[in-house]
Structures are given as C-alpha cells and as structure tokens.
Amino acid sequence: MAIRKKSSKNPPVLSHEFVLQNHADIVSCVAMVFLLGLMFEITAKVSIIFVTLQYNVTLPATEEQATESAFLYYYGIKDLATVFFYMLVAIIIHAIIQEYVLDKINRRMHFSKTKHSKFNESGQLSAFYLFSCIWGTFILISENYISDPTILWRAYPHNLMTFQMKFFYISQLAYWFHAFPELYFQKTKKEDIPRQLVYIGLYLFHIAGAYLLKFSLWAVLFVLGRLLTLILSVLTVGFGLARAENQKLDFSTGNFNVLAVRIAVLASICITQAFMMWKFINFQLRRWREHSAFQAPAVKKKPPVTKGRSSRKGTENGVNGTVTSNGADSPRNRKEKSS
C-alpha cells in the first residue's frame, strides 16, 4: 500500500495587494445590496435609511426670505445607518486610491517596509484633508460664515442644518469610523496601532461632539488651522454663547448652552491642540537629533593608517614604546658591547 508523503511546501502567502482587492470587492458587494434595494418597493424603505439623509424638514417660503421652500435637516438615531453605508463607500475609495495611486508610486520609489506603511498612511490622510479643505471652504462661503462670523453663536441652538452641512458631518464620521477596519486591512504593525487609535478617537470625539451639541464651529477646523481654531473657539464658546439670553439646559430643544458644557468644549479643544503641538515638537526634535547624529561621524577625521612593513619594523626596533633608529643601538646591544 503506497503511503502519500506530506508536502513540505508552505501554504501560499496572500500578498498585500490581493488582501486589499479582496476586501474591497466584498465591501463593494455589500454597498451594492443597499443600492439595489432602492429598486424594489419592499426593500426601498429600508435602503433609504442607509443611502439618503434622514430627518428632513421643509420650511415654507416667507416674504422676508427666499421665495422657494427651504429643506433642512436635524439629527437622530437613524443617522447611524447612514454613517455605516458611507463608511463602506469610504473603504472603497480608500482601496481605489491605494491601488491606482499609492501602490504605483511605491513600486517606482522602492520604499522599505517602514517607509511604505508611513507613505500609505500619509497619502490617504493627505487626500482626505485636501478634499475636506475644499469642501469646508465651500461651506464657509455658501453659508456666509466668513462674511458674518456671528452666525456661529447667533440663534443658538442650531437645531436645523442644510443638506451640505449635515452631509459634511456624516462624511467625516464615516471616514474616521472606516479607519478602524482599515487597521486590519492594511496589516498595520502592533506598535503603530495605539498611535493611530489615539488620533482616530480624538477626531471622532470632536466631530461627534460638534454634531450632537449643535456647534457649527467644527466646519472651520480644516481651513483655518490650529491657532485660528483656538481663537474662534474662545470667541464663539467663551464670549458669544456666554452672552446669549437662553442659558438653560434643555434636551427637548437641544440647548446645551450652559457653563459646564462650554468649559468642557473649550477644555477639550485646548487640550487637543496642545497635544497635537506637543507631538509635532517631539517629532521635530527627534528628527533634529537623528540628523545631528547622522552628520556627526562625517566631521570626525579618520586616523592615518600606516603601512604594514613600516609598522612591523618599528615594532621590532621599539622597546617599551620607544622607537630607535637602528636595532644595534638598543639598550640590550649596548650592554653586550660594554661587557
């Protein structure tokens, strides 16, 4: 009876590109299920919750305002389903950018594994920040936040939002929620996971806080930077809302304009900005030390190397570290001559 020998070959290892393509295909199929559900009357009611924005309100036209009716939105528990769907969309876009842009650059540059992961992370964040900056600038202009900054605290609480404002918040939440499964899809190293979880959690905390507390200030963050963020935060929360007439906590109307909430919001913004600056300064200092350590060996002069024959001759003629011009003039030879 013939016994089959077990193959000693190792099982095939899936490449990084294959894993990314595989998970992107699965996520695309799940997203298509929700989109196809809109085509049938039975499933359309469920699919609409995931695909379209919920909790819309139609305000009739008035003589003072525009002649057309205004369509505004507020938030609710169904927004979690919308965030989930656009989280799938963010995963698909992430895979497209990775495959058709970043991977091609990586093949040409031949980065090491460490630089490869850093480049992928920085490339994805750069694309997201650029998109958010352009979209945030459009919101600032269209919503008149630049021409009239008092809108940030006037008529608070801002219970109703425009379509683009709510979609901006939904997209931001969806992107940062998609970063959690991407830690697995991108095969992130264990030592890099805590660092990424920190800034992902900070972004989600502030975006969700601005969305739930009805502060419109967060839409300015990507455009005006760290310093202007602190100035606008103090101006809006510390001075603008502090002088508002309605300063009572009321969950039914969505009014959170009380002293404790204002202090918590300002403290979280200031702590986050200080933490980011601290990380930035530490990074620059570490980079400066590495650069100094790299340049230090180049400054030192190498000691002259003597030829083997001359050094050997010097060793033969030397006694206790002294070198004589002739072997016959050594102390031992002079003693023998005198005797």
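Residues numbered from 1 in each chain as written. Predicted model: local features only at pLDDT ≥ 70, side-chain atom pairs only at ≥ 80, totals over all residues. Heavy atoms only, no water.

So, on to the overall build of the protein chain. Scanning the protein chain from N- to C-terminus turns up ten helices and four strands. Ordered by position from the N terminus, the helices and strands of the protein chain form the series α-α-β-β-α-α-α-α-α-α-α-β-β-α. Here the analysis covers contacts within the protein chain between residues at least 6 apart in sequence; of these, 67% occur between residues at least 24 apart. For the protein chain, the accessible area works out to roughly 23400 Å², and carbon and sulfur atoms hold 66% of it. (Helix = DSSP H or I, 4+ residues; strand = E, 2+ residues; numbered from the N terminus. Contact = heavy atoms within 4.5 Å. Areas by Shrake-Rupley, 256 points an atom, 1.4 Å probe, with all protein chains shown as cover.)

This part covers the pattern of salt bridges. Side chains that differ in charge, positive against negative, can pair when their charged atoms come close. Tallied over the entire structure, the rule returns two salt bridges. One salt bridge in this structure joins Asp79 and Lys166, with 3.1 Å as the shortest N-O distance. Of the two residues, Asp79 sits in helix H3 (residues 79–109) while Lys166 sits in helix H5 (residues 163–185), which places them 87 residues apart along the sequence. Grouping residues by exposure puts Asp79 and Lys166 together as buried. (Salt bridge = Lys/Arg side-chain N within 4 Å of Asp/Glu carboxyl O. Buried < 20%, exposed > 50% of the residue type's maximum accessible area, 1.4 Å probe, protein only.)

Turning our eyes to something else, we now look at H3. In this model, H3 (31 residues) spans 42 Å end to end at C-alpha, consistent with the 45 Å of a helix rising 1.5 Å per residue. The largest bend in H3 amounts to roughly 40° and is located at Gln98. After H3 finishes, the residue His110 shows a positive phi value of roughly 55°. (Expected span 1.5 Å × (residues − 1). Bend = angle between axes of the 7 residues up to and from the residue.)

A few words now on helix H4 (residues 113–142). Taking 1.5 Å per residue as the helical rise, H4 with its 30 residues ought to reach 44 Å, and the 44 Å between its terminal C-alpha atoms agrees with that figure. Looking at H4, one finds that the buried residues are Asn120, Glu121, Gly123, Gln124, Leu125, Phe128, Ser132, Trp135, Gly136, Ile139 and Leu140.

Further remarks concern the UniProt feature "transmembrane region" (unreviewed entry) in the protein chain. In this structure's numbering, the residues bearing the UniProt feature "transmembrane region" (unreviewed entry) are residues 26–51, 83–102, 123–147, 167–185, 197–213, 219–242 and 254–278. Across residues 26–51, the secondary structure splits into 88% helix and 0% strand, with the terminal C-alpha atoms separated by 18 Å. This span, residues 123–147, is 80% helix and 0% strand, and a straight line between its end C-alpha atoms measures 33 Å. (UniProt positions renumbered as here; feature names shortened; annotations may be inferred.)

Right, let's get into the packing of helix H2 (residues 41–51) against H3. One way to put it is that H2 packs onto H3 with a least axis distance of 6 Å and a crossing angle of 75°. In terms of their interaxial angle, H2 and H3 are classed as roughly perpendicular. Contacts from Ile49, Phe50 and Val51 in H2 reach Ala81, Thr82, Phe84, Phe85 and Tyr86 in H3. Within the contact of H2 with H3, the residues separate by chemical class into seven nonpolar, one polar and no charged. (Axes fitted to C-alpha atoms, helices over the stretch in contact; angles between N-to-C directions. Parallel < 35°, antiparallel > 145°, perpendicular 65-115°, else oblique. Nonpolar A, V, L, I, M, F, W, Y, C, P; charged D, E, K, R; others polar.)

Mapped onto the secondary structure, Val57 falls in strand E1 (residues 56–59). For Val57, a relative accessible area of 26% puts it in the partly exposed group. Sequence spacing of Val57 and Met161 is 104 residues, and the spatial spacing of their C-alpha atoms is 9.7 Å. What Val57 contacts, discounting residues up to four positions off in sequence, is Ala70, Phe71, Leu72, Tyr74 and Leu160.

Time to look at the side chain of Ser268. With respect to the secondary-structure elements, Ser268 resides in helix H8 (residues 259–299). Side-chain polar atoms of Ser268 contact the backbone oxygen of Val265, separated by 2.8 Å. The residues contacting Ser268, other than those within four sequence positions of it, are Phe205 and His206. (Polar contact = N/O pair within 3.5 Å; in protein donor to acceptor, adjacent residues only side chain to side chain.)

Closest axis-to-axis distance for the H3/H5 pair is 7 Å, and the angle between their directions is 60°. Relative to H5, the element H3 lies oblique. When the axes of H3 and H5 are compared, the crossing they make is right-handed. In this structure, H3 uses Asp79, Thr82, Val83, Tyr86, Met87, Ala90, Ile91 and His94 to contact H5, whose residues at the interface are Lys166, Phe167, Ile170, Leu173, Ala174, Tyr175, Phe177, His178, Pro181, Glu182 and Phe185. Residues that form the contact of H3 with H5 fall into these classes: 13 nonpolar, three polar and three charged. (Left-handed = near helix turned anticlockwise from the far one by under 90°.)

Counting residues in hydrophobic clusters, the biggest one holds 50 residues, and the most contacted among them are Phe85, Tyr169 and Trp176. For this core, the secondary-structure elements that each account for two or more residues are helix H1 (16–37), H2, H3, H4, H5, helix H6 (193–212) and H8. For this core, the leading source of residues is H5, giving ten residues. (Core = buried A, V, L, I, M, F, W, Y, C linked by side-chain atoms within 4.5 Å.)

Attention shifts here to a nonpolar patch on the surface. Judged by side-chain polarity, Met32, Leu35, Leu36, Leu38, Met39, Phe40 and Ile48 come together as a nonpolar surface patch covering roughly 660 Å² of accessible area. With three residues, H1 is the single largest residue contributor to the nonpolar patch. In this structure, Leu38 sits in the loop between H1 and H2. (Patch = residues over 30% accessible without salt bridge, like charges linked within 9 Å, V, L, I, M, F, W, Y side chains within 5 Å.)

This paragraph deals with the packing of aromatic side chains. Enumeration over the complete set of coordinates arrives at 25 aromatic pairs. For the pair Phe34 and Phe85, a centre-to-centre distance of 6.0 Å together with 85° between the ring planes defines the contact as edge-to-face. Taken together, the positions of Phe34 in helix H1 and Phe85 in helix H3 put the pair 51 residues apart, joining distant regions of the chain. Here Phe34 and Phe85 have matching classes, each one buried. Between Phe128 and Tyr175, the ring centres sit 3.7 Å apart and the planes meet at 5°, which makes this aromatic pair stacked. Separated by 47 residues along the polypeptide, Phe128 in helix H4 and Tyr175 in helix H5 bring together distant segments of the chain. In terms of burial, Phe128 and Tyr175 fall into one category: buried. When the ring centre of Tyr184 is taken as reference, the NZ or CZ atom of Lys187 above it lies at 4.8 Å. (Phe/Tyr/Trp six-rings, centres within 6.5 Å; stacked < 30°, edge-to-face > 60°. Lys NZ or Arg CZ within 6 Å of the ring centre and 35° of its normal.)

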